[in-house]
Amino acid sequence: MTWSDVFGQEALVAVLAAAVRLAAPLAVAAAVECLCQRSGVFNLGLEGFFLMGALAYFMTGASTGHAWVGVIVAMVVGVALAALTGLLIITVGVDQIIAGITIVLFCTGLTSFLYLQVYGITGTPPESSGMSTWRVPILSDIPGLGPVVFDQTPLVYVALVVPFVVWWVLARTAYGLRVRAVGDSPAVADEVGVRVLRTRWAALLSSGAAAAFAGALVVDGLGLFREGITAGRGWIALAVVILARWNPIGALVGSLFFGLVDGLQLRVQAVSGGINSSVPYELFAALPYLATFLVVVIATVRMRRSREPRVLGVPFTPAR
Amino acid sequence: MSSTVLAARLREGSLTAASVAAAVLVALVLGAIVISAAGADPVVAYRGMVQGAVGDGPAFQRLLVGMTPLVLLALGYAIAFRVRLFTIGAQGGYDLGGIAAGWLVLSLDFGPGWVGIVLALGVAMIAGALIALVVGALYTRYSVNPVITSLMLNYLVLYVLAWVVRVPLRNPNGFTPESAPVPDDVVLPHLGTTLIHPGVLLALVAVPLVMWLSRRTRWGFASLVVGLNESAARATGTSVARTVLVAAGLSGALSGLAGGIALLGTELRLSGGFHSSIGFTAIVVALLGRSSPVGIVLAAALIQGLTQGGTMMQTLTQVPSAVSVVLQTLVVLLVLLMTRWRERA
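Residues numbered from 1 in each chain as written. Chains lettered and ligands numbered in written order. Predicted model: local features only at pLDDT ≥ 70, side-chain atom pairs only at ≥ 80, totals over all residues. Heavy atoms only, no water.

Draft legend 1. Looking closely at the overall build of chain B. Broken down by element type, chain B carries 13 helices and 0 strands. Each helix (α) and strand (β) of chain B, taken in turn from the N terminus, gives the series α-α-α-α-α-α-α-α-α-α-α-α-α. Over its C-alpha atoms chain B spans a radius of gyration of 21 Å, differing by no more than 12% from the 20 Å that the globule rule assigns to 345 residues. Projecting the C-alpha coordinates of chain B onto the three principal axes gives extents of approximately 65 × 60 × 35 Å. Look at the contacts in chain B between residues 6 or more apart in sequence, and 73% of them connect residues 24 or more apart. When the accessible surface of chain B is split by element, carbon and sulfur atoms take 68% of a total near 15,000 Å². Counting 19 positive and 11 negative side-chain charges, chain B places the centres of these two groups 17 Å from one another. (Helix = DSSP H or I, 4+ residues; strand = E, 2+ residues; numbered from the N terminus. Rg over C-alpha atoms; globule rule 2.2 N^0.38 Å. Contact = heavy atoms within 4.5 Å. Areas by Shrake-Rupley, 256 points an atom, 1.4 Å probe, with all protein chains shown as cover. Lys, Arg positive; Asp, Glu negative; His and termini not counted. Charge placed at Lys NZ, Arg CZ, Asp CG, Glu CD.)

Draft legend 2. Inspection of the nonpolar core at higher detail. Ranked by size, the top nonpolar core spans 204 residues in total, and within it Y57 and W235 of chain A together with L264 of chain B carry the most contacts. Setting aside residues up to four positions removed in sequence, Y57 of chain A forms contacts with A62, A67, G70, V71, A74, G130, M131, L155, A216, V219 and D220 of chain A. Among the nonpolar cores identified, the runner-up in size contains 5 residues, and V182, V194, V196 and F316 of chain A belong to it. (Core = buried A, V, L, I, M, F, W, Y, C linked by side-chain atoms within 4.5 Å. Buried < 20%, exposed > 50% of the residue type's maximum accessible area, 1.4 Å probe, protein only.)

Draft legend 3. View of the packing of aromatic side chains. Residues and elements named next belong to chain A. Per the stated rule, a full pass over the model turns up 11 aromatic pairs over all chains. Geometrically, the ring pair formed by F58 and F225 is stacked, given 5.5 Å between the ring centres and 20° between the ring planes. Placement of F58 in helix α3 (residues 46–62) and of F225 in the loop between α10 (196–222) and α11 (233–243) is noted, with a sequence separation of 167 residues between them. Among the aromatic residues, those joined into a ring-pair cluster are F58, Y115, Y119 and F225. (Phe/Tyr/Trp six-rings, centres within 6.5 Å; stacked < 30°, edge-to-face > 60°.)

Draft legend 4. Here's a closer look at empty space enclosed by the protein. Applying the stated criterion across every chain, the model contains 3 cavities of 30 Å³ or more. Taken as a whole, the largest cavity encloses approximately 140 Å³ of empty space. What lines the largest cavity is a set of 18 residues, among which T87, G89, A90, A132 and S251 of chain B lie closest to the centre. Of all the secondary structure elements, the ones that give two or more residues to the lining of the largest cavity are α3 (57–82), α5 (113–142), α6 (146–166) and α10 (240–267) of chain B. Split by residue class, the lining of the largest cavity holds 9 nonpolar, 9 polar and no charged. Considered as a void within the structure, the second largest cavity measures approximately 50 Å³ in volume. What lines the second largest cavity is simply L22, L26, R233, I236, F258, G259, D262 and P288 of chain A. Counting only elements with at least two residues in the lining of the second largest cavity, the list comes to α2 (9–38), α11 and α12 (248–272) of chain A. (1 Å grid on protein atoms, 1.4 Å probe; cavity = no way out; pocket = protein on both sides within 12 Å on 5 of 7 lines; lining within 4 Å. Points joined across faces, edges and corners; volume = space filled by probe spheres on them. Nonpolar A, V, L, I, M, F, W, Y, C, P; charged D, E, K, R; others polar.)

Draft legend 5. Layout of helix α7 (residues 154–172) of chain A. Residues and elements named next belong to chain A. A rise of 1.5 Å per residue sets the reference length of α7, with its 19 residues, at 27 Å; its end C-alpha atoms lie 26 Å apart and thus fit the reference within 8%. By the largest-angle criterion, V162 marks the main kink of α7, which is about 30°, and a proline, P163, follows within four residues. The set of residues buried in α7 consists of L155, V156, Y157, A159, L160, V162, P163, V166, V169 and L170. (Expected span 1.5 Å × (residues − 1). Bend = angle between axes of the 7 residues up to and from the residue.)

Draft legend 6. Seen up close, the interface of chain A and chain B. In this complex, chain A contributes 52 residues to the contact, which on the side of chain B involves 47 residues. Across the interface of chain A and chain B, roughly 4,300 Å² is buried in total on both sides, 79% from carbon and sulfur atoms. Looking only at chain A, the three residues that lose the most surface to chain B are F113, E282 and F293 of chain A, adding up to 15% of its buried area. Between chain A and chain B we count 2 salt bridges in total. Between chain A and chain B we count 5 residue pairs in polar contact (both at pLDDT 80 or more) in total. Elements that contribute at least two residues to the side of chain A that touches chain B include exactly α4 (67–92), α5 (96–119), α11, α13 (281–285) and α14 (287–303) of chain A. Ranked by the residues each element gives to the side of chain A that touches chain B, the list is headed by α5 of chain A, at 14 residues. Its residues assigned to classes, the side of chain A that touches chain B shows 36 nonpolar, 13 polar and 3 charged. (Buried area = accessible area lost by both parts, 1.4 Å probe. Salt bridge = Lys/Arg side-chain N within 4 Å of Asp/Glu carboxyl O. Polar contact = N/O pair within 3.5 Å; in protein donor to acceptor, adjacent residues only side chain to side chain.)

Draft legend 7. Structural detail: the packing of α14 of chain A against α6 of chain B. The N-to-C vectors of α14 of chain A and α6 of chain B enclose an angle of 150°; their axes lie 9 Å apart at closest approach. As judged from the angle between their axes, α14 of chain A and α6 of chain B are roughly antiparallel. When the axes of α14 of chain A and α6 of chain B are compared, the crossing they make is left-handed. Of α6 of chain B, the residues touching α14 of chain A (which contributes Y289, L290, T292, F293, V296 and V297 of chain A) are I148, T149, M152, L153, Y155, L156 and Y159 of chain B. Across the contact of α14 of chain A with α6 of chain B, the residue classes break down as 11 nonpolar, 2 polar and no charged. (Axes fitted to C-alpha atoms, helices over the stretch in contact; angles between N-to-C directions. Parallel < 35°, antiparallel > 145°, perpendicular 65-115°, else oblique. Left-handed = near helix turned anticlockwise from the far one by under 90°.)

Draft legend 8. Inspection of the side chain of Q152 of chain A at higher detail. Residue and element names in this part refer to chain A. Among the structural elements, Q152 can be located in strand β2 (residues 151–152). For Q152, a relative accessible area of 2% puts it in the buried group. There is a polar contact of 3.2 Å between the side chain of Q152 and the backbone oxygen of A17.

Draft legend 9. Focus on the pattern of salt bridges. Across all of its chains, the model carries 8 salt bridges over all chains by this definition. Residue R135 of chain A pairs with D141 of chain A through a salt bridge whose shortest N-O separation is 3.8 Å. R135 of chain A gets classed as partly exposed once you look at its relative accessible area, which sits at 46%. Judged by relative accessible area, which is 55%, D141 of chain A ranks as exposed. Residues E230 of chain B and R234 of chain B are paired through a salt bridge, measuring 3.5 Å at the closest nitrogen-oxygen approach. Remark: R234 of chain B and E230 of chain B occur in helix α9 (residues 230–235); sequence separation between them is 4 residues, near one turn of the helix. Shared partners join several salt bridges into a network, and the residues in it are R135, D141 and D151 of chain A.

Draft legend 10. Geometry of unusual backbone geometry. Here W246 of chain A, not a glycine, exhibits a phi torsion of approximately 60°, which is positive. Its location among the elements puts W246 of chain A in the loop between α11 and α12. Of note in this structure, S143 of chain B is not a glycine but carries a positive phi near 55°. Mapped onto the elements of the fold, S143 of chain B is located in the loop between α5 and α6.

This is how it looks when you write it as structure tokens:
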């Protein structure tokens, strides 16, 4: 392997395009998780939503040629899982961290069971065709930027727009105002007539749909499905929320950073030449996790928690 | 202990046992529906599960040996959860414990085997404690989310393991990256012709030790106060940071010990396959055991039974054994729901 395999001009365009493709799932999941956490609900189970969304999309979309059907099925699955989560943490008030961890474990078991049941314990799964790319006219001809950003699948474009939509909802709509109110002082919000639990339910269900959508993007981004395919990306999305200080546009920027790290390490792994390689490719494979660790530490230490929603993770029981 | 306290504790215990039993029942019914949908006879499947779990002597011995790391890891979680340090890092401690123990016994010779075993398990505990202390220190000093840091460290250790067995400890005669087997004299000796090894005993000793630690020591009381109300703890002069760090260190040492025992007792060599998902299964055990040492032993028996029974069930019915993971986590979800419901009522 030589460095031009990674940083040569042609290779670099491929790496950057992969970076955008791999940033997309993080961006959409983290942006909507910002909304969810701003409402005071910590949906910690994102990794589980990613996994279930990925499997649902693969089974009903990517392997059948009806990618859009798969996207919709994945989002329905995400909403259903979010409903289960909400029953636990909003309605009954189970500790949100413990509930989230359990949801992830449940989804890990369920995806692996369903996958092996459908495709056989020893069988080979069908190819993943996924969604085809759509070159945006004119914009894709911009030198440099065009082939990197504007030669992606429609799903990626949607994912890149979502953070702006979430920002607009939070900053400019009545619902956004309610979300911020119930996340900072639910008792006061309740006092003035905001339905605290209903506001939180809506935020949680959207974050579930978004995270499952993100799972579909992971399948498309890697071009396949296997057990444990999401490889911690759901957890990385949670780290992005902290890095972005609960700002959806910040989440998009943070996701692009992690997408770049991921794209680089995948490229190095692909060209490093297997188990006898002298390249310590484990170091590169570990980069996304190392980066996440460092980013979470640095971001938390520097922000002094001033931006965190005040009652994040605290259940609320309405007085009436 | 006064009789009223004992009575209260017994009532609480039996209520918990009853809700776990109800949850298991509901999960089994749901599981039966899933198994039928998968095209197998649930009666045959469940019979296979019981047979694989406790069907005969060897199965029962496997159950005890399999429970050993689960009990140690879950005790570690219980200690950390006691001070509300929500780490999910036991997998990293377990893997690192195995790596440290393996590295030691594969590169140095200590004369008599038991010296090597003691040193290897000691090094494993230190390695596990160190990595958990990173998470604990970042949490208590800077409030860095321990779920994320511990999980990322799990992944980093996984890649250290992959590198260790591919480069420095690589067995040149192996086809896939793996280390040489550990020397015979540091393999944990079996009890007679059984599968039982001293590691099982260590786990059995750890249970009352953790009970004593949390009920009879200063740390035990401090951790209780910190877990209930951090600012109250601070107001009464308890050092929250020290209490959390001790919890992190103990919990990490237990996970490292579990990894060391697994390496010298059952795995016998390092490979990518040493990394399992046992650190996550142990979360299920800790939650089901309601973080009480005795509860953890019972929960570990149930979970290990479901796991190894699931393998038998897969052989008999072709239903993927992952169905046991679904059952286990369903039980936990139901128990969480019921317990919280009861608390609110």
